[in-house]
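As a plain string of letters, each chain reads:
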Amino acid sequence: MARPPKYCKEFAVQAFKLCLLGATDVEIADFFEVDERTVNRWKVAHKEFCQALKEGKMAADARVASRLYERAMGYEHPEDKIFNNNGSPLVVPTVKHYPPDTTAAIFWLKNRQRAKWRDKQDHEHTGKDGAPIESKVTYTNFPPEPKTIEEWQAQVEEAEAARRRE
């Protein structure tokens, strides 16, 4: 295996920009044509590289979270409508409205308030006053405990014969 290239200070800026685009550590390693372990070593050895990755990923995640929030709550933005007015374009400024998106709202709540909104709910069953549930099992119609080897053998033979009949 070829020796990985030496780290350059410019890598921090490039890594930051890649993180803004949503790149993972594996994709960053691929961009620099190194193994992911090399990227991990660079994070430890070069503070500015590690900081660039953290800041880039945080900024990208914040932008996605902001857009998800807007979708969940509904949003609006200015938009120009263009019409044909007797052969010449007529530009009319308007406001485009987007209603709240239920799926985005559910996703947001499931991640932000897991205990209240997750699909799985825990149900705990207890006995009286929170004590453990008591269970009592009673077996009936069992032959008496054999006392001799002969009695054991007779019970085994009876059980085998009953199985064959079934």
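In what follows, the structure referred to is the one given above.
Quick look at the structure, then. (Residues numbered from 1 in each chain as written. Predicted model: local features only at pLDDT ≥ 70, side-chain atom pairs only at ≥ 80, totals over all residues. Heavy atoms only, no water.)

What to know about the nonpolar core
Counting residues in each nonpolar core, the largest one holds 16 residues, and the members touching the most others are Ile28, Phe32, Trp42 and Phe49. Ranked by residue count, the leading element in this core is helix α1 (residues 10-20), at 5 residues. Beyond its immediate stretch of four places on either side in the chain, phenylalanine 32 contacts Pro5, Phe11, Gln14, Ala15, Trp42 and Phe49. (Core = buried A, V, L, I, M, F, W, Y, C linked by side-chain atoms within 4.5 Å. Buried < 20%, exposed > 50% of the residue type's maximum accessible area, 1.4 Å probe, protein only. Helix = DSSP H or I, 4+ residues; strand = E, 2+ residues; numbered from the N terminus. Contact = heavy atoms within 4.5 Å.)

Details of α1
Taken together, the buried positions of α1 are Phe11, Ala12, Ala15, Leu18 and Cys19. Seen along its axis, α1 keeps its buried residues to an arc of 125°; they face one direction. Away from its buried face by more than 90 degrees, α1 exposes Glu10 and Lys17. Among the structural elements, α2 (25-31), α3 (36-45) and α4 (47-73) are those in contact with the buried residues of α1. (Arc of directions from axis to C-beta.)

Observations regarding unusual backbone geometry
Even without being a glycine, glutamate 33 presents a positive backbone phi close to 60°. If you trace the backbone, glutamate 33 turns up in the loop between α2 and α3. Positive phi is not limited to glycine here, since aspartate 129 has a value of about 55°. Relative to the elements of secondary structure, aspartate 129 occurs in the loop between α6 (114-117) and α7 (149-165).

A few points about the packing of aromatic side chains
Aromatic ring pairs are described here by two measures, namely the spacing of the ring centres and the angle between the planes. Applying the stated criterion to the full structure yields 11 aromatic pairs. A connected cluster of aromatic rings, assembled from ring pairs, spans Tyr7, Phe11, Phe31, Phe32, Trp42 and Phe49. (Phe/Tyr/Trp six-rings, centres within 6.5 Å; stacked < 30°, edge-to-face > 60°.)

Some remarks on the state of the cysteines
Taken as a whole and assessed by the stated rule, the structure comprises 0 disulfides. Between cysteine 8, a cysteine without a disulfide, and cysteine 19, which holds the nearest cysteine sulfur, the sulfur-to-sulfur distance is 17 Å. No disulfide involves cysteine 19; its sulfur sits 10 Å from that of cysteine 50, the nearest cysteine. (Disulfide = S-S within 2.5 Å.)

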